[in-house]
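Here are the chains, one letter per residue:
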Amino acid sequence: MEEDRVAELKEIARQVRIDILKMLAKAGSGHTGGSLSAVEIVTALYFAKMRHNPERPDWEERDRFVLSKGHGVPVLYAVLGRCGYFDRKHFETLRQLGSLLQGHPYSGLTPGIEVSTGSLGQGLSQANGIALATRLNRKDCRVYVLLGDGESQEGLIWEAAMTSAHYKIDHLCAITDNNGLQIDGPVSKVMAVEPIARKWEAFGWHVLEVDGHRFEEILAALDCAENTKGRPTMIVAHTVKGKGVSFMENQVKYHGTVPTPQELELALKELQV
Amino acid sequence: MVEMLGTREMYGDTLVELGSENEDIVVLDSDLSSSTRTSKFGERFPERFFNMGVSEQDMIDTAAGLAASGKIPFASTFAIFATGRAWEMIRQSVCYPKNNVKIVATHGGITVGPDGASHQCMEDIALMRVLPNMTVIVPADAHEARAAIRFAAKNRGPFYIRLARDKFPVLYSPDLDFELGRARVQRVGREATIIAAGLMVHEALKAIDLLEGQGLRVGLINMSSIKPLDRQAVLDAARTTGAIVTAEEHSILGGLGSAVAEVLAEECPTPMRRIGVRDLFGTSGEPQALLAHYGLTAQEIARAVGEVIGLKTGGENR
């Protein structure tokens, strides 16, 4: 049963990667590496963890997902499209004038996008605000937010980290997509954020570490977070930037570039299309 | 004796009023709640009051999240920290997605006084006015402040309301109605019109008295709704009096004077002067001394009116 479920999620993840690569190649610009590193995390949330209803994106009882690292939005579009929030034909229009799919998440336009991000560091505070509102409204919802490791260089992340712990927002679970690279190079060289786990612990968070590409580990951590009361949970997910396409893995270059037609062909071959 | 009433005192009381009328009203502050008077709301509704500590950026984005989930957050701190420190959060998370966040800042302008330049905000109107979807209001007395705050609570979308540290003379009655984008014509003029906001409305009234002694009938518009601006009121004043002076406790760059100049330049070029802080930082001092030091006085307004009337008639000031 559990094995079947994981196999099913792996197949969805494969499809999501294909959609990401195709939409980015078509768009001609965008962020490939950080979309691919978060595929298992976002897939696990939408297909195995969150209570949500694509027919009713504004359902009050829904769990919320905030993509704080907004440049990774292709993975979210791929997952939302596959869930049925909008027609997947929109993938082809990514980043074009008049598209439903903006270059970075825009809540004012795209069904299923909760928060407008793209300017880094701003997602966690907004997730806190959402969580405080659902608490006041006595709604039993959970709030998830995905951060980048490079993004954690933003001071606002740590202001927000204090807020989550201070207000004991235990229905909030943050995940760091710890892929180790940012646009200018390795995070450790540009501006070290390690030890990430100890930083969050020091800020009063319950911290878990997982392999961010293993569904079993991600889902176990998400369940553990749900059962943790009195403080928020941070899941540090160790990931590989560009995961799933051999020549993109751990390559800084694919932070902000997209596959050429030839590269797309090779990548799709690797993904057994 | 003119009755004096604080706009921030009125803010605190109005928040308590709103809080008991509507459960969705929530309030955030960045460790200045005793100064902004949001503490009154905090004492009455502790569950709906969030002190964020000294973190204005986090305050604005948390407010955005609360708004995204149906709450009506009022976020407050001093004007420079609200609009300067957290500007990009206001742009990205409040204005762009049209989140229903009300930013009510106190301590706008030079009359913050002894705290000096770090705390004197002469840039907030410019910073907020440039943002799409933002509404900008600068009330001229406590009753107008209350009306504007109540209006903001009832109408969806981002608002910026600028209040002051010092008390203002009372100008209006407590049952004043606020109408967005509608200027208040205080005096109808003949030779010139002053368009002012906030504290400078009161200086303008004194200037009008001075000018009356010289046989000049000068009009006055309280342009509390800076965005949207009452363009028609500006054009009517320009056409009927042919000379305009703006007055604001703000930089002459980007604020009310600029907004009025934009309308006139495009639609009705008219001789004009701007009274405001002339591209300078503030400095420590008592409020009245500072107003004199930076030329934000009735005398300066009256002088500018004389000058602009001279321009209109093609006099030697041209």
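Note that the structure is a prediction, hence the values are computed from the model and not measured.

Trainee: Got a minute to help me understand the overall build of chain B in this structure?
Mentor: Along its length, chain B carries 13 helices and 14 strands. By the compact-globule yardstick of 20 Å for 318 residues, chain B fits well, its C-alpha radius of gyration being 19 Å. Taken along its principal axes, the extent of the C-alpha atoms in chain B is 65 × 40 × 35 Å. Evaluated residue by residue, chain B yields a buried proportion of 64% over its 318 residues. Total accessible area on chain B stands at roughly 11,900 Å², and carbon and sulfur atoms take up 50% of it.

Trainee: Looking at this structure, how should I read the overall build of chain A?
Mentor: If you tally the helices and strands in chain A, you get 10 helices and seven strands. Seen along its three principal axes, the alpha-carbon backbone of chain A occupies a region of about 50 × 45 × 40 Å. For chain A, buried positions account for 59% of its 273 residues. A sequence separation of at least 24 residues applies to 75% of the contacts in chain A between residues at least 6 apart. Approximately 10,800 Å² of chain A is accessible, and the part contributed by carbon and sulfur atoms is 49%. Chain A carries 31 positive and 35 negative side-chain charges, and their two centres are separated by 2 Å.

Trainee: Help me out: how do you make sense of the side chain of S55(B) in this one?
Mentor: In this structure, S55(B) sits in the loop between β3 (49-51) and α4 (56-68). The class of S55(B) is buried, set by a relative accessible area of 5%. The contacts of S55(B), once residues within four sequence positions are left out, are E159(A) and S30(B).

Trainee: Help me understand the sheet that holds strand β1 (residues 64-67) of chain A in this model?
Mentor: Adjacent strands of a sheet form backbone hydrogen bonds with each other and so pair up, either parallel or antiparallel. Residue and element names in this part refer to chain A. Reading across the sheet, the five strands line up as β1-β2-β3-β7-β6 and stay open at both edges, with parallel pairing between neighbours. Strands at the two margins of the open sheet, each flanked by one partner only, are β1 and β6 (206-211). Strand-to-strand, the axes of this sheet are offset by a mean angle of 20°, without reference to chain direction. Where strand β3 (residues 172-178) lies against strand β7 (residues 233-238), six bridges are found, and the strand directions are parallel.

Trainee: Where do I start with helix α6 (residues 87-95) of chain B in this structure?
Mentor: Helical geometry note: an α-helix holds 3.6 residues per turn, so side chains three or four residues apart project in the same direction. Among the residues of α6(B), those classed as buried are M89(B), I90(B), Q92(B), S93(B), V94(B) and C95(B). In this fold, the buried residues of α6(B) make contact with α5 (123-136) and α6 (155-166) of chain A together with α4, α5 (79-85), β5 (102-105) and α7 (124-129) of chain B.

Trainee: Help me understand the packing of aromatic side chains, please; the structure alone is not making it clear to me.
Mentor: Aromatic rings considered in pairs are described by the distance between their centres and by the relative angle of their planes. The final tally for this structure, using the stated rule, is 14 aromatic pairs over all chains. Look at F86(A) and F91(A): their rings are 6.4 Å apart centre to centre, the planes differ by 85°, and that puts the pair in the edge-to-face class. With respect to burial, F86(A) and F91(A) carry one shared label: buried. Geometrically, the ring pair formed by Y106(A) and Y96(B) is stacked, given 4.0 Å between the ring centres and 10° between the ring planes. Of this pair, Y106(A) sits in the loop between α4 (73-83) and α5 while Y96(B) sits in the loop between α6 and β5, on two different chains. Cluster of aromatic residues (ring-pair linked, three or more members): W158(A), W200(A), F203(A) and W205(A). A cation over an aromatic ring shows up here: R184(B) above the ring of Y172(B), its NZ or CZ 5.2 Å from the ring centre.

Trainee: Looking at this model, I keep getting lost on the domain arrangement of chain B. Mind explaining?
Mentor: All names here are of chain B. Here chain B is described as being made up of domain 1 (4-169) and domain 2 (184-312). Measuring from the centre of the C-alpha atoms in domain 1 to the corresponding centre in domain 2 gives 26 Å. Where domain 1 abuts domain 2, roughly 2,400 Å² becomes buried across the two surfaces, and 58% of that area is made up of carbon and sulfur atoms. Three residues, I110, M122 and R129, lead the burial of domain 1 against domain 2; their summed loss comes to 29% of the area buried on that side. Run the count over domain 1 and domain 2 and you get two salt bridges. With a shortest N-O distance of 3.0 Å, R184 and E144 are connected by a salt bridge. The set of elements that each furnish at least two residues to the side of domain 1 that touches domain 2 consists of α7, β6 (135-137) and β8 (167-169). When grouped by side-chain class, the residues that make up the side of domain 1 that touches domain 2 number 17 nonpolar, seven polar and eight charged.

Trainee: How do you make sense of the side chain of D61(B) when you look at a structure like this?
Mentor: Within the fold, D61(B) resides in helix α4. Beyond its immediate sequence surroundings of up to four residues, D61(B) is in contact with Q122(A), S125(A), Q126(A), L156(A), M89(B) and S93(B).

Trainee: I'm lost on the interface of chain B and chain A in this one. Help?
Mentor: Frequently, the measure chosen for interface size is the accessible area removed from exposure when the parts meet. Listed by partner, the interface residues are 25 residues for chain B and 23 residues for chain A. For the pair chain B and chain A, the summed buried area comes to about 2,000 Å², and 53% of that belongs to carbon and sulfur atoms. Inspection of the region where chain B meets chain A yields one salt bridge. As a salt-bridge pair, E47(B) and R138(A) come within 3.9 Å of each other at their nearest N and O atoms. Counting residues per element, the ones that place at least two in the side of chain B that touches chain A are β3, α4 and α6 of chain B. In terms of residue count, α4(B) provides more of the side of chain B that touches chain A than any other element does, eight residues in total. Across the side of chain B that touches chain A, the residue classes tally to nine nonpolar, eight polar and eight charged.

Rules used throughout
- Residues numbered from 1 in each chain as written.
- Chains lettered and ligands numbered in written order.
- Predicted model: local features only at pLDDT ≥ 70, side-chain atom pairs only at ≥ 80, totals over all residues.
- Heavy atoms only, no water.
- Helix = DSSP H or I, 4+ residues; strand = E, 2+ residues; numbered from the N terminus.
- Rg over C-alpha atoms; globule rule 2.2 N^0.38 Å.
- Buried < 20%, exposed > 50% of the residue type's maximum accessible area, 1.4 Å probe, protein only.
- Areas by Shrake-Rupley, 256 points an atom, 1.4 Å probe, with all protein chains shown as cover.
- Contact = heavy atoms within 4.5 Å.
- Lys, Arg positive; Asp, Glu negative; His and termini not counted.
- Charge placed at Lys NZ, Arg CZ, Asp CG, Glu CD.
- Pairing = 2+ DSSP bridges.
- Axes fitted to C-alpha atoms, helices over the stretch in contact; angles between N-to-C directions.
- Phe/Tyr/Trp six-rings, centres within 6.5 Å; stacked < 30°, edge-to-face > 60°.
- Lys NZ or Arg CZ within 6 Å of the ring centre and 35° of its normal.
- Domains from an automatic or database assignment.
- Buried area = accessible area lost by both parts, 1.4 Å probe.
- Salt bridge = Lys/Arg side-chain N within 4 Å of Asp/Glu carboxyl O.
- Nonpolar A, V, L, I, M, F, W, Y, C, P; charged D, E, K, R; others polar.

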